[in-house]
Structure formats: structure tokens, C-alpha cells
Amino acid sequence: MKKCNTLQEVRDEVDKIDTQLVELISERSHLIRQAAGFKESVAEVKAQERIDDIMQKVRKKAIELNVNPNMISELFKIMIDEMVETEISELRNAGNF
């Protein structure tokens, strides 16, 4: 982790990370759209077992990195909920149900 010497330097680093986060979320979103092509039902999209697995992994990683796991869980819950809706839309558009 970079040691910053000024508030502006901290802000600049935070801005870089924010950009990277948005880029990674975009990349994840594009992959989710691709995943819809391999699924045939809303039940497959909503795959609660897969969601539970993801949530467990990200909470564990948050704890390892000394980040509040509740915050990470909330962020991922929002992201996953939105991406599930996107995936359902992709399924509908493909006429898979």
C-alpha cells in the first residue's frame, strides 16, 4: 500500500481505486450477461447456493484483509441483486423462457 504524504495524494489514490472498482464491476457485469446464455430458467439465474458461496468467500476475504465483512456483504448483495435482474433480462431477451 502506498504511503501518502498529503490529503490530495490520498484523494488521488482513492480516485484511481474508484476507477478500477467501476472497471472491475463492469467486467463482472459483462461476464454475468454471458452467463445468461448458458442458463435456461430463472431458477438457474437465482442459484441461491452459488450466491451463498460468493457471499461466504467475500466475507472471508474481507476478514483476511481487515475490512468490515458486513460492509462487503452489503455491497455484494446490492451488486448481485442488480446483476441477477440483468441476467433475467438477458434470458427474456433471448426468449429462453
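Residues numbered from 1 in each chain as written. Predicted model: local features only at pLDDT ≥ 70, side-chain atom pairs only at ≥ 80, totals over all residues. Heavy atoms only, no water.

What follows deals with the overall build of the chain. Across its full length, the chain holds four helices and zero strands. For the chain, the sequential pattern of α-helices and β-strands runs α-α-α-α. Relative to its length of 97 residues, the chain is extended, with a C-alpha radius of gyration of 17 Å against a globular reference of 13 Å. Overall size of the chain, expressed as C-alpha extent along the three principal axes, is 55 × 25 × 15 Å. Taking all 97 residues of the chain together, 24% fall into the buried category. Taking contacts inside the chain between residues at least 6 apart in sequence as the whole, the part at least 24 apart equals 61%. Only carbon and sulfur atoms are counted for the fraction: they give 55% of the accessible area of the chain, which is about 7600 Å². (Helix = DSSP H or I, 4+ residues; strand = E, 2+ residues; numbered from the N terminus. Rg over C-alpha atoms; globule rule 2.2 N^0.38 Å. Buried < 20%, exposed > 50% of the residue type's maximum accessible area, 1.4 Å probe, protein only. Contact = heavy atoms within 4.5 Å. Areas by Shrake-Rupley, 256 points an atom, 1.4 Å probe, with all protein chains shown as cover.)

Moving on, we get to the pattern of salt bridges. Opposite charge on two side chains permits pairing when their charged atoms draw close. With the rule as written, the count across this model stands at nine salt bridges. The partner of Glu13 in a salt bridge is Lys16, and the shortest N-O contact between them spans 3.2 Å. With a gap of three residues between them, Glu13 and Lys16 both fall in helix α1 (residues 7-36), about one helical turn apart. The shortest N-O distance in the salt bridge between Glu64 and Lys61 comes to 3.5 Å. Here Glu64 pairs with Lys61, and both are found in helix α3 (residues 48-64), just three residues apart, close to one helical turn. What emerges from the salt-bridge pattern is a single network uniting Lys2, Glu9, Glu13 and Lys16. (Salt bridge = Lys/Arg side-chain N within 4 Å of Asp/Glu carboxyl O.)

Turning our eyes to something else, we now look at the UniProt feature "domain: Chorismate mutase" (unreviewed entry) in the chain. In the numbering used here, UniProt assigns the "domain: Chorismate mutase" (unreviewed entry) feature to residues 1-91. With 82% helix and 0% strand, residues 1-91 has its two end C-alpha atoms placed 41 Å apart. (UniProt positions renumbered as here; feature names shortened; annotations may be inferred.)

Turning our eyes to something else, we now look at the confidence of the model for the chain. Per-residue confidence for the chain gives a mean pLDDT of 94, with 98% of residues at or over 70. By mean pLDDT, helix α2 (residues 42-46) is the weakest element of the chain at 91, and α3 is the strongest at 97. (pLDDT = per-residue confidence, 0-100.)

Within the secondary structure, Ser73 sits in helix α4 (residues 69-94). With residues up to four places along the chain from it excluded, the contact list for Ser73 reads Met55 and Arg59.

The end-to-end C-alpha distance of α3, which contains 17 residues, comes to 24 Å, matching closely the 24 Å that a straight helix rising 1.5 Å per residue would cover. The secondary structure elements touched by the buried residues of α3 are α1, α2 and α4. Asn66 sits one or two residues past α3 and shows a positive phi near 60°. (Expected span 1.5 Å × (residues − 1).)

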